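Report on the structure
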2 protein chains.
Amino acid sequence: MSTSLRSSYKKLITRNKELIVLGSAQAIVHWDMETMMPPKAVSMRSEQLALLSSINHKMSTAPAIGKLLSTILKHPHYDTLNEVEKRNVHLIKKNYDEQTKLPTKLVAEIAKQQAITVNTWKKAKATQNYALFKPELEKLVALNKQAAAILMEVKQTKTPYDALLDIYEPKMTAEEIAKIFAELQRGLEKLLQKIENASTQPDTSVLRQSVPVEKQREIAKALVQTLDYDVSSPNAGGRIDETEHPFSTGYYDDVRITTHYHPDKWASSVFSVLHETGHALYEQGLPQEWKYQPVGSPCSLGFHESQSRLYENIIGRSSEFWTSLLPKIKNLIVPTQANLGLDKFIQAVNVVKPSKIRIEADEVTYSLHVIIRFQIERDLFADKISINELPAVWNQKYKETLGVNIENDSEGVMQDTHWASGLYGYFPTYALGNIYSGQITAKIQQEKPSWRNELAKGNLKPVKEWLTRNIYNYGNLYDPADLIKKATDKELNVKPYLQYLQEKYSKLYAF
Amino acid sequence: MSTSLRSSYKKLITRNKELIVLGSAQAIVHWDMETMMPPKAVSMRSEQLALLSSINHKMSTAPAIGKLLSTILKHPHYDTLNEVEKRNVHLIKKNYDEQTKLPTKLVAEIAKQQAITVNTWKKAKATQNYALFKPELEKLVALNKQAAAILMEVKQTKTPYDALLDIYEPKMTAEEIAKIFAELQRGLEKLLQKIENASTQPDTSVLRQSVPVEKQREIAKALVQTLDYDVSSPNAGGRIDETEHPFSTGYYDDVRITTHYHPDKWASSVFSVLHETGHALYEQGLPQEWKYQPVGSPCSLGFHESQSRLYENIIGRSSEFWTSLLPKIKNLIVPTQANLGLDKFIQAVNVVKPSKIRIEADEVTYSLHVIIRFQIERDLFADKISINELPAVWNQKYKETLGVNIENDSEGVMQDTHWASGLYGYFPTYALGNIYSGQITAKIQQEKPSWRNELAKGNLKPVKEWLTRNIYNYGNLYDPADLIKKATDKELNVKPYLQYLQEKYSKLYAF
């Protein structure tokens, strides 16, 4: 073979770098839409994003990539590539196979129908009109079923839904999720019952304290500073901006978080800032030497979520974290003369109460929302539920699982944008993130027993150091099942998370 | 011929629309770099911008565009295309010819050398070290001479420098510019002499008033509101942001201006906001039905500058404009109890004094700075001056023309970024803009004699209406020489501008 392995590999990485650079530019254009864009530009912006996507798709499916992959994989010296190089080749091949096997026409149809469905969802949600949403959702699901069937062939998964899961959580299957979610659900329900039977009732009046946006901005700055997410130094690699629905985005040296300051719900911005900063630290912490390589990306959405939930909840709602922080910012929350004790504060931000809306749910009931969505979308893609039946199934599951009565579909099946946005197989990663975060915390506890004492001194370095060494540093070198094993010495396992919750809430609710 | 003219034309417009949409996305990424980007991202951003440029270049030079152009231009029914369609074809062909005739290798070399030269310029300017800058500038000029020689063939211009001029001011020649600039220079020098001999000396103490940034932001909002540039309504199509060097950018429904608030130079942001708003109104005012077509763009850089200089100076430094505005904002400039009379204010913001720095120059001496740069770059591209001689030639011309002694090259030949950025043939458009703005003002005066009275009432509608009808509405349908004729019934002509200055300054300086 005349082409050298080394030169083919270099060419492949160079071509793929262009895709990464383009993707990072697309992220900026998207971020701008959500934070800065003048409202009049909405239709122009969708033209820009659609064009960039189509350029990206064309570059991703360039036959030259296929040729390089084939040269490398068939090369007699393929085995001389090191682990990182092989993983890069694997990740590029995975993306190339998926992108090329999906017909361009189908991809375009999905993109178009997605835009229509999101728009219709917005209107339907605003007017509590599922009948309006239904036909568009139906078309989008049908198109995604086609895509899933094709991806199932490419990825050799057992079901089409498994092929969708694999997009967000590589190699994860519905079977495995169902099993672990069942255990999670049992544990959460048991815990919830204990909490509901507890005599302690937290005083949550501090959450209803009105806090001006300007003061919330100051709190947010204090939070990110404590977490070592740099948004203000002359060499800062981050930003905090304001948007409707908080998100984080970016790549390596330019990672941005957003939040929404509600004057009458100050805690909302506090915990969204902690959550998004967890995501941002992961992105910023990826190995610099892997920048512009496929391995220089997070492991999976579940792992991403483990980082955000760790900072938002396990750290961000802990008594230790607020021991050092509360004295610094309490004057921003309550009038100077008012008293705001640590214990009362911690009880308030950890109040557990089954509710209808996922994004407002507490730590204990949150995963139950996710489990419901997982069960529904799995059955939807297995043709066991029709689009027609969605609201009834939804409402019934909410009644059974959370004991709440859904009164209209806007607080029910239409509450989230995911299904309107074509994100099927995405929801489970939220609860997987919780499970991973429990395993990670247990391992940190084991290796750095004083980490909570350090937290109480405002020192988050031990945590960051551990995460850097055991999670960030591995980028996308392993599939999630391997990374959790590598990082915690255990397979995916719900016990540490349930145990963490049990310990925490038995103290808070005194049972 | 089997291909129908109509379908080829449509295909051409569709392909070209992609280039326009891509360009508008590039503008957002560039805007973000100047206003929002975390500082750490600078090298990543240059990768993103370079990639987008190279994608744009590839798409601009796609052979399919050449084929469509040739089909259309040779089509027996070509003459059935209307004026707008023919102009679109002409503009696409012009761009295609230029882009395809320049070797990709040369384009890449220029881009690379440009980045190096700008960086070196920054360092050299900061350390007053022309020797550091010189070799990089020399390389960049040499590469641009190669490009100019090629473009001269394509555009069939008399000299390479004329080919560069044509990029920014189509069909304009150095010969014509030299002639009109000579007349402009004579007029300005005569006027300057009268001003310098005048006994009136304006009191400029108000300009040294310290104004907090927060108050300057309020002033800026009042200014754009008066000018009808919408940055705050629910359907706003614009923004004001902060940057090092003010600029405007954008396309149709998303046109953004930037400014810089200097606490000790409040007038700087006031006039940069007026200037950039003049640009923004032009972009926003282009015919909606021409969106995504080549004709849906401004006529030339000179015309763009005529709009910014009209709003900045002819309107923005007029007594009438401030009659209604000053009472509204003067408390933001001076302490409440202090007195700030209209006449004194107008004299201060119109003070004339030869200086070394172009961007700080007053209305009378500004064009002289531009004339000097034009003469130097014309001679540079005709090989009459070497890079070695630049500082000496510069300093001599400043002494002769403006009577100032340049003490170091940072306040001399290195003051502007244009030459480091590869913008040769660009400077003349600044003074052409002034000349056009004089002709436009004279025509507005003739057609709407009460326009200054309306200004004094805070009513800018008559001006905007005239500009919309006579400038904005024509987009890029005509070359600048034709548009100025169409709009003002006169050829390019320096007299109205000189007359405007003479009338204004004879009053202010009482001669």
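Residues numbered from 1 in each chain as written. Chains lettered and ligands numbered in written order. Predicted model: local features only at pLDDT ≥ 70, side-chain atom pairs only at ≥ 80, totals over all residues.

A few words on the overall build of chain A. Each helix and strand in chain A was counted, giving 20 helices and 3 strands. For a compact globule of 511 residues, the expected C-alpha radius of gyration is about 24 Å, and chain A comes in at 23 Å, within 12% of that figure. Burial analysis of chain A (511 residues in total) assigns 43% to the buried set. For chain A, contacts bridging at least 24 residues in sequence account for 72% of all contacts bridging at least 6. (Helix = DSSP H or I, 4+ residues; strand = E, 2+ residues; numbered from the N terminus. Rg over C-alpha atoms; globule rule 2.2 N^0.38 Å. Buried ≥ 20, exposed ≤ 12 C-beta atoms within 10 Å, placed from the backbone. Contact = placed C-beta atoms within 7 Å.)

Taken together, the contacts link 29 residues of chain A with 29 residues of chain B. Sorting the residues of the side of chain A that touches chain B by element identifies helix 1 (5-35), helix 2 (42-60) and strand 1 (238-242) of chain A as the ones contributing at least two each. Classifying every residue of the side of chain A that touches chain B by side-chain character gives 17 nonpolar, 5 polar and 7 charged. (Nonpolar A, V, L, I, M, F, W, Y, C, P; charged D, E, K, R; others polar.)

On to the relation of the copies chain A and chain B, then. Mapping chain A onto chain B calls for a rotation angle of 180 degrees and an axial translation of 0.0 Å; the resulting RMSD is 0.0 Å. Such values leave the two copies arranged in the relation of a two-fold axis. Judged by C-alpha distance, Val 29 of chain A is the residue of chain A that lies nearest the rotation axis, at 3.4 Å. Most of the interface of chain A is mirrored in chain B, where 100% of its interface residues again form contacts. (Least-squares fit on C-alpha atoms with pLDDT ≥ 70 in both.)

A separate point is the sheet that holds strand 3 (residues 254-259) of chain A. Two orientations exist for strands paired in a sheet by backbone hydrogen bonds: parallel and antiparallel. Residue and element names in this part refer to chain A. Within the open sheet, the 3 strands sit side by side as 1-3-2. Their pairing is mixed. Only two strands of the sheet have a single partner each, and these edge strands are strand 1 and strand 2 (248-251). With strand direction ignored, the average angle separating the axes of adjacent strands in the sheet is 15 degrees. Of the strand pairs in this sheet, strand 2 and strand 3 are connected by 4 bridges, and their pairing is antiparallel. Note on strand 3: the bridge partner recorded for Ser 248 is Ile 257. Sheet strands in contact with helix 1 are strand 1, strand 2 and strand 3, and its direction is about 150 degrees off that of strand 2. (Pairing = 2+ DSSP bridges. Axes fitted to C-alpha atoms, helices over the stretch in contact; angles between N-to-C directions.)

All names here are of chain B. The strand order across the open sheet formed by 3 strands is 1-3-2, and the pairing between neighbours is mixed. Both outer strands of the open sheet, strand 1 (238-242) and strand 2 (248-251), are each paired with one neighbouring strand and no more. On average, adjacent strands in this sheet sit at an angle of 15 degrees to one another, irrespective of strand direction.

This part covers the domain arrangement of chain A. Residues and elements named next belong to chain A. As far as domains go, chain A holds domain 1 (1-101) and domain 2 (205-352 + 452-497). Centre-to-centre, using C-alpha coordinates, domain 1 lies 30 Å away from domain 2. With 15 residues of domain 1 at the interface, the matching set in domain 2 holds 14 residues. Elements supplying a minimum of two residues to the side of domain 1 that touches domain 2: helix 1 and helix 4 (83-101). A per-element tally of the side of domain 1 that touches domain 2 places helix 1 first, with 10 residues. Split by residue class, the side of domain 1 that touches domain 2 holds 7 nonpolar, 5 polar and 3 charged. (Domains from an automatic or database assignment.)

This next bit is on the nonpolar core. Among the nonpolar cores identified, the biggest contains 115 residues, and Leu 223, Val 224, Val 273, Val 364, Ala 431 and Tyr 505 of chain B are the most heavily contacted of them. Among the elements that make up this core, the one with the highest residue count is helix 14 (residues 363-381) of chain B (10 residues). Setting aside anything within four residues of it in sequence, one finds Ala 431 of chain B in contact with Phe 181, Leu 184, Ser 367, Val 370 and Ile 371 of chain B. Ranked by size, the runner-up nonpolar core spans 114 residues in total, among them Tyr 161, Met 172, Leu 301 and Ile 435 of chain A. (Core = buried A, V, L, I, M, F, W, Y, C linked by C-beta atoms within 7 Å.)

All names here are of chain A. Between helix 9 (residues 213-226) and helix 12 (residues 319-333), whose axes approach to 9 Å, the crossing angle comes to 165 degrees. The angle between helix 9 and helix 12 falls in the class roughly antiparallel. The two elements helix 9 and helix 12 cross, and the hand of that crossing is right-handed. Residues Lys 215, Glu 218, Ile 219, Ala 222 and Thr 226 of helix 9 form the contact with helix 12, whose participating residues are Leu 325, Lys 328, Ile 329 and Leu 332. By residue class, the composition of the contact of helix 9 with helix 12 is 5 nonpolar, 1 polar and 3 charged. (Parallel < 35°, antiparallel > 145°, perpendicular 65-115°, else oblique. Left-handed = near helix turned anticlockwise from the far one by under 90°.)

Phi is positive for Asp 228 of chain A, which is not a glycine, with a value near 70 degrees. Residue position: Asp 228 of chain A is located in the loop between helix 9 and strand 1. Residue Asp 228 of chain A is classed as partly exposed on the basis of its C-beta count, with 13 C-beta atoms lying within 10 Å. A positive phi is found at Lys 171 of chain B, a non-glycine position, where the angle reads about 70 degrees. If you trace the backbone, Lys 171 of chain B turns up in the loop between helix 7 (160-168) and helix 8 (174-197).

Attention shifts here to helix 14 (residues 363-381) of chain A. Its 19 residues place the ends of helix 14 of chain A 28 Å apart at the C-alpha level, agreeing with the 27 Å of an ideal helix rising 1.5 Å per residue. The positive-phi residue at the C-terminal boundary of helix 14 of chain A is Asp 383 of chain A, with phi of around 60 degrees. (Expected span 1.5 Å × (residues − 1).)

Further remarks concern helix 15 (residues 390-402) of chain B. Owing to its 3.6 residues per turn, the α-helix brings residues three or four apart onto one side. Residues and elements named next belong to chain B. Taking 1.5 Å as the rise per residue, helix 15 with 13 residues should run 18 Å; its terminal C-alpha atoms sit 17 Å apart, in good agreement. Taken together, the buried positions of helix 15 are occupied by Leu 390, Trp 394, Tyr 398 and Leu 402. One side of helix 15 holds all its buried residues, which, seen down the axis, span an arc of 65 degrees. Of the exposed residues in helix 15, the ones pointing more than 90 degrees away from its buried face are Ala 392, Lys 399 and Glu 400. Packed against the buried residues of helix 15 are helix 14. Gly 403 occupies a position one or two residues after helix 15 and carries a positive phi of about 70 degrees. (Arc of directions from axis to C-beta.)

Let us look at the packing of helix 12 (residues 319-333) of chain B against helix 13 (residues 342-349) of chain B. Residue and element names in this part refer to chain B. As a packed pair, helix 12 and helix 13 sit with axes 10 Å apart at the nearest point and diverge in direction by 125 degrees. With respect to their mutual orientation, helix 12 and helix 13 come out oblique. Two packed elements cross with a definite hand, and for helix 12 against helix 13 that hand is right-handed. Listed contacts from helix 13 to Ser 319, Trp 322, Thr 323 and Leu 326 of helix 12 are Leu 342, Phe 345 and Ile 346. Taken together, the residues that form the contact of helix 12 with helix 13 break down as 5 nonpolar, 2 polar and no charged.

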